[in-house]
Amino acid sequence: MKYTPIFAVVFLVAAIFASCKKDNVKPRETVLYEADFSSDDGHWSVGALGSAGAMATISNGYYTLVAGSQGRDVWTWAVFSGVDGGTAVEASVKLSTTGSSSDGSGGLIWGSKENNNSNVRYYFGISYDGYYTIWGYPNGTDKPFVVYKDWVSNSAIRNSDFNTLRITLVNGSLHFYINTQEVFNMPSTGGSLDKSGFAVSKNSTLQADYFKAVKLD
């Protein structure tokens, strides 16, 4: 009977495995900040927010942002201050409606800053029923908003479930991902991804499983 040396089989399997790994290599990342909401780390607003009935809590490993009759935004500090090269923010979020079927949206914000007593801000939002949009206030919230991508349905979105949203800023371009699938890209809106965080529209609830900000190596 002819035997195949075991070491040859092992070598062949190892070679195939190494080849598969190389074909699926993902860019390396350095985590600058991460929250799994297992506890309150002091970087997220909690309690009653404003006068329109908004509320935020950290409980059971989730950050829950409930909007009242108006939308609500929350954000972290300047995570990317002094950071060069590519950067990204990512979060796992679930949206639901507390009002009509046209409510129930929210997602990530970035680029929050004051501009002559107004606020510059940008949004990457999804709805509980499978749509996404990208828009913002490049000239401040006292000026008309700009729509970069109007509401459109996308099969990458899991309706009424958790979805991973990711924004990367690389070489002057913004790339937007839903559950690892790139859905849109556009030139940078200027500056960094700071200050990033969450937004929820009126009569909507956003539940976040985690949030992280990374430097792309």
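Data block above holds the structure.
The present account deals with the structure reproduced in this document.

Reading guide: rules and limits
- Residues numbered from 1 in each chain as written.
- Predicted model: local features only at pLDDT ≥ 70, side-chain atom pairs only at ≥ 80, totals over all residues.
- Heavy atoms only, no water.
- Phe/Tyr/Trp six-rings, centres within 6.5 Å; stacked < 30°, edge-to-face > 60°.
- Buried < 20%, exposed > 50% of the residue type's maximum accessible area, 1.4 Å probe, protein only.
- Helix = DSSP H or I, 4+ residues; strand = E, 2+ residues; numbered from the N terminus.
- Pairing = 2+ DSSP bridges.

1. Overview of the packing of aromatic side chains
By the definition in use, this model includes 21 aromatic pairs. Plain terms: the ring middles of Phe176 and Phe184 are 6.2 Å apart, the flat faces sit at 40° to each other, and that makes the pair tilted. Residue Phe184 is classed as buried on the basis of its relative accessible area, which comes to 18%. With a centroid separation of 5.7 Å and 75° between ring planes, the pair formed by Phe198 and Phe211 is classed as edge-to-face. Placement of Phe198 in strand β14 (residues 197-200) and of Phe211 in strand β15 (residues 204-216) is noted, with a sequence separation of 13 residues between them. Just as Phe198 is buried, Phe211 falls in that class too. Among the aromatic residues, those joined into a cluster by ring pairs are Tyr33, Phe37, Trp44, Tyr63, Trp77, Phe198 and Phe211.

2. Here we look at the pairing of strand β3 (residues 54-59)
With 3 bridges joining them, strand β2 (residues 47-49) and β3 adopt antiparallel strand pairing. Looking at the pairing, Ala48 lines up with Met55 of β3. Hairpin connection between β2 and β3: a loop of 4 residues separates the two successive antiparallel strands, and Gly50 in this loop has a positive phi of roughly 75°. Two elements, β3 and strand β4 (residues 62-66), share 5 bridges in a ladder whose sense is antiparallel.

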